[in-house]
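Residues per chain are reported as follows:
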Amino acid sequence: MNIISIISDVIRGRGRIALTIGSIAVGIFAVTVISAIGEIGTDKINRSLDDMGINSVLVESNGSVKLSDEDVSALSDVSGIGKAMPLMATVTTCELVNDNVICMAWGVSYNADEIISLRALHGRLIDDSDIKSGTRVCVVDREIALQTYGRENIVGKTIDINMGGHYESFQIIGVATSGLSGVQSVINEVVPYFVYLPYTTVQQISGRTDYDKIALLTMGAEDTAVIDRITDCMEQRKGKDKVIVNNLLNQRSTLNQILSVATGALGVVAAISLVVAAMSVMTAMLVSVAERKREIGIKKSLGAKNSRIVTEFLAESIMISLAGSVIGVAAAMTVIVILCSVMGEAPVLQWDKAFLSVAVSLVIGMISGSYPAYKAAKMKPVDALKG
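Residues numbered from 1 in each chain as written. Predicted model: local features only at pLDDT ≥ 70, side-chain atom pairs only at ≥ 80, totals over all residues. Heavy atoms only, no water.

1. Some details on the overall build of the protein
Stage number 1. When helices and strands are tallied, the protein shows 14 helices and 10 strands.
Stage number 2. When each of the 387 residues of the protein is scored for burial, the buried share is 44%.
Stage number 3. Looking at the protein alone, contacts between residues at least 24 apart form 78% of all its contacts between residues at least 6 apart. (Helix = DSSP H or I, 4+ residues; strand = E, 2+ residues; numbered from the N terminus. Buried < 20%, exposed > 50% of the residue type's maximum accessible area, 1.4 Å probe, protein only. Contact = heavy atoms within 4.5 Å.)

Below, the structure written as structure tokens:
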């Protein structure tokens, strides 16, 4: 087999070959980019869910029992639980600079930042001394600060919060951001502003000693056995069906499955273009056989074996597929790097999937070129020379 002759054959039908290479490149490009976008999207959503506390479990009463310090302590001792925090939660209104806005008042502990990834932008977060003294201080999210004062740093200002029908004044000791900050900035009419208070202060004002919920941070996000242990612990303490265990891990898993299915569906659609490319390769090779009938006849008259003819046409179809694959992968990686740069994400270069796509493309090229190669090899020299 003469590699120079194969290349010259490819160049001779360069217009048709270029279109065929382009169709393969588009297929490889689509599969690679869609897979990367799915991976980037899933990773970004998972990080956002972590920030929102969707790597945890919420325990709450169905109304017939109360949650206490003893329950928090018992749940902290459950194997697989990293952190436990009592929660008080209510949707209410608050006033700043004569603005009255709807907010979610959260009574939290000093370790809230470890469970819901709360981060202070200005000032500080609730600490242990605030919990012990039950001081009237609070942390507000940056969105409420921007809405009322037009700036982020409003540490030292006073906010009035409606607690049980009458307004209580709190000093703002910090402005924070959480995993919901990005969502709030887009749909703040749906997601309320957040205000964080010491849970002991909320208890003092409301005259309560129990909690609305207990937030638990699990050490292993995939350890579903932890949920069973939590449920068993609360059933032993409170009785069966007295406590609701909201497994946010399952919700996270369900969302990831939906994302995987969506990405897979898009991948299948993209893969169809590879099938179309395979048909293009076969068509191009059949046309090539028809155009080169006399050449095939001459080669066979000079003693070329069928295996040589088959090998030449197969090599040509594989070269076309390889060229399209390289172009497709190069274009896909370039686009992925640009996309990640624009999104502020680390580039996700899935070389394993790219190489798999190339391998599939080469197999497609081999299969698509098999019939034209067989047809060329079976030509009789006399009939081929007549063409």
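2. So, the pairing of strand β3 (residues 99–108)
Stage number 1. Taking burial as the measure, the 10 residues of β3 include 7 buried ones, the bulk of the element.
Stage number 2. Of the pairings in the sheet, the one linking β3 to strand β8 (residues 193–198) comprises 6 bridges and is parallel in character. The residue bridging V108 from the neighbouring strand is P198, located in β8. (Pairing = 2+ DSSP bridges.)

3. Notes on the environment of M104
Stage number 1. Tracing the backbone shows M104 in strand β3.
Stage number 2. Taking the C-alpha atoms as reference, M104 lies 8.4 Å from Y196; in sequence the two are 92 residues apart.
Stage number 3. Residues within four places of M104 in sequence aside, it is in contact with A89, T90, V91, P192, Y193, F194 and V195.

4. Let's talk about the packing of aromatic side chains
Stage number 1. A complete count under the given rule lists 3 aromatic pairs for this structure.
Stage number 2. Seen from their ring centres, W106 and F194 are 6.1 Å apart, and the 80° between their planes marks the pair as edge-to-face. Here W106 is found in strand β3, whereas its partner F194 is found in strand β8, with 88 residues between them in sequence.
Stage number 3. What makes F194 buried here is its relative accessible area of 8%.
Stage number 4. Relative to Y211, the ring of Y199 has its centre 5.5 Å away and its plane inclined at 80°; by these criteria the two rings are edge-to-face. (Phe/Tyr/Trp six-rings, centres within 6.5 Å; stacked < 30°, edge-to-face > 60°.)

5. Some words on the side chain of D141
Stage number 1. Tracing the chain through its elements places D141 in strand β5 (residues 137–141).
Stage number 2. Although buried, D141 forms no salt bridge, and the nearest oppositely charged side chain, R142, lies 8.1 Å from it.
Stage number 3. Here F194 takes part through its backbone nitrogen, which lies 2.5 Å from a polar atom of the side chain of D141. (Lys, Arg positive; Asp, Glu negative; His and termini not counted. Salt bridge = Lys/Arg side-chain N within 4 Å of Asp/Glu carboxyl O. Polar contact = N/O pair within 3.5 Å; in protein donor to acceptor, adjacent residues only side chain to side chain.)

6. What to know about the side chain of T201
Stage number 1. Of note, T201 is situated in helix α8 (residues 199–206).
Stage number 2. Of the residues examined, T201 reaches a relative accessible area of 1% and is grouped as buried.
Stage number 3. Apart from residues lying up to four places away in sequence, T201 is in contact with G134, T135, R136 and F170.

7. Digging into helix α9 (residues 225–238)
Stage number 1. Taking 1.5 Å of rise per residue, the 14 residues of α9 would be expected to cover 20 Å, and the 20 Å separating its terminal C-alpha atoms lies within 8% of that figure.
Stage number 2. Remark: G239 follows α9 within two positions and exhibits a positive phi of approximately 105°. (Expected span 1.5 Å × (residues − 1).)

8. Focus on the environment of V358
Stage number 1. Inspection of the secondary structure puts V358 in helix α13 (residues 351–377).
Stage number 2. It is 7.2 Å that separates the C-alpha atoms of V358 and L322, two residues lying 36 residues apart in sequence.
Stage number 3. The contact partners of V358, leaving out residues within four places of it in the chain, are I28, S325 and V329.

9. What about the packing of helix α3 (residues 69–76) against α9?
Stage number 1. Between α3 and α9, whose axes approach to 10 Å, the crossing angle comes to 145°. The two elements α3 and α9 meet at a crossing, and its hand is right-handed. In contact with E70, D71, A74 and L75 of α3, α9 contributes I230, C233, M234, R237 and K238.
Stage number 2. Among the residues forming the contact of α3 with α9, the class breakdown is 5 nonpolar, no polar and 4 charged. (Axes fitted to C-alpha atoms, helices over the stretch in contact; angles between N-to-C directions. Left-handed = near helix turned anticlockwise from the far one by under 90°. Nonpolar A, V, L, I, M, F, W, Y, C, P; charged D, E, K, R; others polar.)

10. What about α8?
Stage number 1. A large share of α8 lies buried, amounting to 6 of its 8 residues.
Stage number 2. For α8, the set of buried residues is Y199, T200, T201, V202, Q203 and I205.
Stage number 3. On the buried face of α8, the contacting elements are β2 (81–96), β3, α5 (128–133), β6 (158–163), β7 (166–177) and β8.
Stage number 4. Of the residues flanking the end of α8, it is G207, one or two places downstream, whose phi is positive at about 70°.

11. Some remarks on the environment of T283
Stage number 1. You can see T283 is positioned in helix α10 (residues 248–291).
Stage number 2. With 85 residues separating them along the chain, T283 and S368 place their C-alpha atoms 8.6 Å apart.

12. Focus on the confidence of the model for the protein
Stage number 1. Chain-level pLDDT for the protein is 77 on average; 70% of the residues reach the 70-or-more range.
Stage number 2. Confidence over residues 181–190 falls short of pLDDT 50; this stretch has 11 contacts with residues more than four positions distant or in other chains. (pLDDT = per-residue confidence, 0-100.)

13. Here's the deal with the pairing of β5
Stage number 1. The element β5 is extensively covered by neighbouring structure, given that 5 of its 5 residues are classed as buried.
Stage number 2. Alternating residues of β5 divide into V137, V139 and D141 and C138 and V140, and every residue in both groups is buried.
Stage number 3. Across 5 bridges, β5 lies against β7 in parallel orientation. If you follow C138 over to β7, its bridge partner there is I172.

14. Side note on the pattern of salt bridges
Stage number 1. Enumeration over the complete set of coordinates arrives at 12 salt bridges.
Stage number 2. The residue R136 makes a salt bridge to E168 at a minimum N-O spacing of 2.2 Å. A residue pair is termed long-range when its members are at least 10 positions apart, and R136 in the loop between α5 and β5 and E168 in strand β7 qualify at 32 residues.
Stage number 3. Connected through shared salt-bridge partners, D71, R237 and K238 make up one network.

15. Description of unusual backbone geometry
Stage number 1. Despite not being glycine, V97 has its phi angle at roughly 50°, a positive value.
Stage number 2. Locating V97 in the fold gives a position in the loop between β2 and β3.
Stage number 3. On the basis of relative accessible area, V97 is assigned to the partly exposed category, the value being 44%.
Stage number 4. Phi is positive for N98, which is not a glycine, with a value near 65°.
Stage number 5. Locating N98 in the fold gives a position in the loop between β2 and β3.

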